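Chain and residue survey
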Amino acid sequence: MKLTIGSDHGAVELKETVKAVLAEYPDIEVNDVGTFGTESVDYPDIAEKVCADVVNGRSERGIVLCGTGIGISIAANKIKGIRCALCNDVYSAKKCREHNNANVLAMGGRVLGRGPAEEIVRAWLTTEFEGGRHQRRLDKITALENK
Ligand code: RB5
């Protein structure tokens, strides 16, 4: 699976933590779109880069990170075809895959500790969408996007 990851300056350390988790999965190919230093950047620009890969099919999934995870998740969800879930716990990470087929995961570098972030990523990567009644609801989200 191809996966694109990006963060603003508020989560560069978390991005490295997440990349180390992704390296546990030999079938995951990572595209890191930055940022790579502590200089301030604008999270909507990072969301746009990550989500472009997902909507144009270059990547199946994306991970977006900022200080809280809030701004970058809001920005990601403005992009047609993106279902971005901000997760601060493993339960949400599983449910956003099972019920929402979240194709982008958001987390906050100033919110989560290393251990919880690692477990959230593993849960999100390994949980499948359940389909069924949940697909009907996703179809309604798509209809909202197209209004
Ligand atoms: C950047 O200072 C900060 O606002 C950003 O990382 C994020 O927390 C916004 O939601």
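Refer to the structure above for everything that follows.
Residues numbered from 1 in each chain as written. Predicted model: local features only at pLDDT ≥ 70, side-chain atom pairs only at ≥ 80, totals over all residues. Heavy atoms only, no water.

**Some points on the site of the ligand**
Heads up, the condition is: A molecule or strand has a residue near it when one of that residue's heavy atoms lies within 4 Å. Distance and chemistry together define a polar contact, namely a pair of N or O atoms within 3.5 Å, with one atom able to donate a hydrogen and the other to accept it when in protein, and with adjacent residues in sequence counting only for side-chain atoms on both sides. Note on areas: these come from Shrake-Rupley sampling with a 1.4 Å probe, and a residue is covered only by the protein chains present in the view. As a working rule, the residues Ala, Val, Leu, Ile, Met, Phe, Trp, Tyr, Cys and Pro are called nonpolar, Asp, Glu, Lys and Arg charged, and the rest polar, with Gly in that last group.
Taken together, Asp 8, His 9, Tyr 43, Cys 66, Gly 67, Thr 68, Gly 71 and Arg 110 make up all the residues around the ligand. One of the side-chain N or O atoms of Asp 8 is found 2.6 Å from an oxygen atom in the ligand. Here an oxygen atom of the ligand sits 2.7 Å away from a polar atom, N or O, in the main chain of Gly 67. In isolation the ligand has 290 Å² of accessible area, and contact with the protein removes 70% of it. Looking at the shell around the ligand, its residues break down into two nonpolar, four polar and two charged.

**Observations concerning the environment of Ile 79**
For clarity, the threshold we go by: Strands here are runs of E lasting at least two residues and helices are runs of H or I lasting at least four, both read from the DSSP assignment and numbered beginning at the N terminus. Only protein chains enter the accessibility calculation, which uses a 1.4 Å probe. A residue is then buried if its area is under 20% of the maximum for its type, exposed if over 50%, and partly exposed in between.
Along the chain, the position of Ile 79 falls in the loop between α3 (70-76) and β4 (84-86). Judged by relative accessible area, Ile 79 falls into the partly exposed class, the value being 22%. Residues Ile 79 and Val 55, spaced 24 residues apart in sequence, show a C-alpha to C-alpha distance of 8.5 Å.

**Some thoughts on the pairing of strand β5 (residues 104-108)**
Looking down a regular strand, the side chains alternate between one sheet face and the other. The test is simple: Between any two strands, at least two bridges found by DSSP are needed for them to pair. When the strands point away from the viewer, a crossover counts as right-handed if the route from the first strand across the helix to the second turns clockwise.
Burial runs high along β5: five of the five residues are buried. Burial along β5 is two-sided: the residues Val 104, Ala 106 and Gly 108 and Leu 105 and Met 107 are all buried. Bridge count for strand β3 (residues 61-66) against β5 is five bridges, and the pairing is parallel. Bridged to Val 64 within β5 is Ala 106. Judged from the three bridges that link them, β4 and β5 form a sheet pairing that is parallel. Bridging across to β5, Leu 86 finds its partner in Ala 106. With respect to chirality, the unit in which β4 leads through helix α4 (residues 90-98) into the neighbouring parallel β5 is right-handed.

**Re the pairing of β3**
Within β3, six of the six residues are buried, leaving the element largely enclosed by the surrounding structure. Judged by which residues are buried, β3 turns out to be covered on both faces: Arg 61, Ile 63 and Leu 65 on one side and Gly 62, Val 64 and Cys 66 on the other are all buried. Relative to β3, strand β1 (residues 2-7) runs parallel, the two being bridged by five bridges. Considered in β3, the bridge of Leu 3 is made with Arg 61.

**Quick look at the nonpolar core**
This is how it is decided: In plain words, nonpolar cores are sets of buried Ala, Val, Leu, Ile, Met, Phe, Trp, Tyr and Cys residues tied together by side-chain atoms within 4.5 Å.
In terms of nonpolar packing, the biggest core is built from 25 residues, with Val 18, Leu 22, Ile 63, Met 107 and Trp 124 touching the most fellow members. A per-element tally of this core places helix α5 (residues 114-126) first, with six residues. In terms of nonpolar packing, the next biggest core, distinct from the first, is built from 15 residues, Val 50, Val 54, Ala 75 and Ala 106 among them.

**Digging into the pattern of salt bridges**
Two side chains bearing opposite charge may form a pair once their charged atoms approach each other closely. The following threshold applies: Each reported salt bridge corresponds to a side-chain nitrogen of Lys or Arg within 4 Å of a carboxyl oxygen of Asp or Glu.
For the structure shown, the criterion picks out nine salt bridges. Taking the shortest distance from any N to any O, the salt bridge between Lys 15 and Glu 16 comes out at 4.0 Å. In this structure, Arg 114 engages Glu 118 in a salt bridge whose closest nitrogen and oxygen atoms are separated by 3.3 Å. You can see Arg 114 and its partner Glu 118 sitting in helix α5, four residues apart, about one turn around the helix. With a relative accessible area of 56%, Arg 114 lands in the exposed category. The exposure class of Glu 118 is buried, given its relative accessible area of 19%. Overlapping salt bridges, with partners in common, bring together Lys 15, Glu 16, Lys 19 and Asp 32 in one network.

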